[in-house]
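# Tertiary structure, described
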Amino acid sequence: MLTILFDGVAYGMILFVLACGLSVTMGLMNFVNLAHGAFAMFGGYVTVLAMQRLGLPFLWALPAAFLAAALAGLLLERLVYRPMYAKSHLDQVMFSIGLVFMAVAGADYLMGSSQQFVQLPAWLSGRFDLAGIGVGRYRLFIILLCGALAFAMQWGFTRTRFGSRLRAAVDDARVARGLGIPVNRLFALTFAFGSGLAGLGGALGIELMGLDPTFPLKFMIYFLIVVTVGGTSTISGPFFAAMLLGVADVAGKYLVPQLGAFIIYALMVVLLITRPHGLFARSRA
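## Brief notes about the overall build of the protein
In terms of regular secondary structure, the protein is built from 13 helices and 2 strands. Its C-alpha atoms give the protein a radius of gyration of 19 Å, near enough to 19 Å, the size a compact globule of 285 residues would have. Projecting the C-alpha coordinates of the protein onto the three principal axes gives extents of approximately 60 × 45 × 35 Å. Here the protein holds 285 residues, and 47% of them are scored as buried. Excluding contacts between residues fewer than 6 apart, the proportion of contacts in the protein whose partners are at least 24 apart in sequence is 77%. Total accessible area on the protein stands at roughly 13900 Å², and carbon and sulfur atoms take up 68% of it. One finds the centroid of the 19 positive side-chain charges in the protein at a distance of 11 Å from the centroid of its 10 negative side-chain charges.

## Re the packing of helix α11 (residues 220-230) against helix α13 (residues 262-274)
The interhelical angle for the contact between α11 and α13, taken along N-to-C directions, is 25 degrees, at an axis separation of 10 Å. In terms of orientation, α11 lies roughly parallel with respect to α13. For α11 against α13, the interelement crossing comes out left-handed. Residues I221, Y222, I225, T228 and V229 of α11 lie in contact with α13, whose contacting residues are I264, Y265, M268, L271 and L272. Classifying every residue of the contact of α11 with α13 by side-chain character gives 9 nonpolar, 1 polar and no charged.

## Let's talk about the pairing of strand β2 (residues 133-136)
Sheet topology places strand β1 (residues 127-130) next to β2; 4 bridges connect them, and they run antiparallel. Across the sheet, the residue bridging to R127 is G136, located in β2. What sits between β1 and β2 in their antiparallel hairpin is a turn of 2 residues, with A131 showing a positive phi close to 55 degrees.

## Regarding the packing of aromatic side chains
Inspection of every chain in the model, using the stated rule, returns 11 aromatic pairs. Where F58 meets Y138, the ring centres are 6.0 Å apart and the plane angle is 65 degrees; that geometry is what we call edge-to-face. Here the residue F58 occupies a position in helix α3 (residues 58-81), and Y138 occupies one in helix α5 (residues 137-159), the gap between them amounting to 80 residues. Here a set of aromatic residues connected by ring pairs shows up, and it is made of F39, Y81, F95 and F191.

## Thoughts on empty space enclosed by the protein
Applying the stated criterion across every chain yields a total of 2 cavities of 30 Å³ or more. Counted as a void, the largest cavity has a volume near 50 Å³. Lining the largest cavity, in full, are I225, V226, V229, A241, L245, I264, L267, M268 and L271. Residue contributions to the lining of the largest cavity peak at 4 residues, all from α13. Taken together, the residues that form the lining of the largest cavity break down as 9 nonpolar, no polar and no charged. By volume, the second largest cavity is sized at about 40 Å³. Surrounding the second largest cavity, L22, N33, L34, H36, G37, P216, M220, F223 and L224 form its lining. Put simply, the parts of the chain that give the lining of the second largest cavity at least two residues each are α2 (36-52) and α11. It is α11 that contributes the most residues to the lining of the second largest cavity, 3 residues altogether. Looking at the lining of the second largest cavity residue by residue, the classes come out as 6 nonpolar, 3 polar and no charged.

## Points about a nonpolar patch on the surface
A cluster of nonpolar side chains, contributed by M1, Y254 and L255, occupies part of the molecular surface with about 390 Å² of accessible area. Within the secondary structure layout, M1 lies in the segment before α1 (2-29). With relative accessibility at 69%, the residue M1 sits in the exposed group.

## Focus: α3
Every buried residue of α3 is accounted for by F58, A61, L62, A65, A69, A70, G73, E77 and Y81. Those residues of α3 hidden inside the fold are in contact with α2, α4 (89-111), α5 and α8 (183-204).

## Describing the nonpolar core
Looking at soluble globular proteins, one finds that nonpolar side chains tend to be buried together. L15, F16, F58, Y138, L204, M209 and F215 are the most contacted members of the largest nonpolar core, which totals 76 residues. Counting residues per element, this core draws most heavily on α1, at 13 residues. Each residue touching M209, except ones within four places of it in the same chain, is listed here: Y11, I14, L15, L18, F215 and F219. Within the second largest apolar cluster, 7 residues are counted, among which are L166, A169, V183 and F187.

Cut-offs and rules
- Residues numbered from 1 in each chain as written.
- Predicted model: local features only at pLDDT ≥ 70, side-chain atom pairs only at ≥ 80, totals over all residues.
- Heavy atoms only, no water.
- Helix = DSSP H or I, 4+ residues; strand = E, 2+ residues; numbered from the N terminus.
- Rg over C-alpha atoms; globule rule 2.2 N^0.38 Å.
- Buried < 20%, exposed > 50% of the residue type's maximum accessible area, 1.4 Å probe, protein only.
- Contact = heavy atoms within 4.5 Å.
- Areas by Shrake-Rupley, 256 points an atom, 1.4 Å probe, with all protein chains shown as cover.
- Lys, Arg positive; Asp, Glu negative; His and termini not counted.
- Charge placed at Lys NZ, Arg CZ, Asp CG, Glu CD.
- Axes fitted to C-alpha atoms, helices over the stretch in contact; angles between N-to-C directions.
- Parallel < 35°, antiparallel > 145°, perpendicular 65-115°, else oblique.
- Left-handed = near helix turned anticlockwise from the far one by under 90°.
- Nonpolar A, V, L, I, M, F, W, Y, C, P; charged D, E, K, R; others polar.
- Pairing = 2+ DSSP bridges.
- Phe/Tyr/Trp six-rings, centres within 6.5 Å; stacked < 30°, edge-to-face > 60°.
- 1 Å grid on protein atoms, 1.4 Å probe; cavity = no way out; pocket = protein on both sides within 12 Å on 5 of 7 lines; lining within 4 Å.
- Points joined across faces, edges and corners; volume = space filled by probe spheres on them.
- Patch = residues over 30% accessible without salt bridge, like charges linked within 9 Å, V, L, I, M, F, W, Y side chains within 5 Å.
- Salt bridge = Lys/Arg side-chain N within 4 Å of Asp/Glu carboxyl O.
- Core = buried A, V, L, I, M, F, W, Y, C linked by side-chain atoms within 4.5 Å.

The quantities given are spatial measurements derived from coordinates; they are silent on function.
Pasting the structure below:
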């Protein structure tokens, strides 16, 4: 059971990094970006190409995936996404789902439909026993790295000047503009950062989740569950939602595989009934 819990936490950490950018995007700009998984797939393919074609080591390929996805997000935010901010949610959904299918077709044409793999360094491969618990080295690496990212994002959101301006823009963009805060620039940088996180999550998740052109479609519902259950007003909400989802999914597959994804959907329904605005949503008037 402790091994299942450990593997579930590692899986939840990957889901958090993948979905956190979507949570920030929806919370900040009220934009339903279903194409968020395409940035994760892009980061995964950048990692594969950097390691297989350029010979970069795994730890150097991770920042390359983050930067490539962030630059792609910044470019698309300026050229494609910004005109859609004022549209209805239905228009945004149709627009972003169209981008997903375009990304899937493009990846299939350029990279092929087969699964992609990366060669982890020797010090990240294998498992070791710790007090009777089977601990995977790569999963431990994911937990430590993603945990540090979650702490840094929470600190940056609540303790820095950038975070203060961001929260002001979230609460009332018009007043923030009146105070001289560059709201559009903040949103663009935040969108790029969220896209970069998705790319990093896609790179880290190759070993656990696989990588093929259907990646954005297969895991879209997982990202939406994390954001819906965790809420969009805090970083801690999606973090704990991802932990719950990861542990429930891994435990279900180990203990009752015949139920499939029933467990995580049942958990989602229960949490949405008890906490309809998210796990740590602020009270509303």
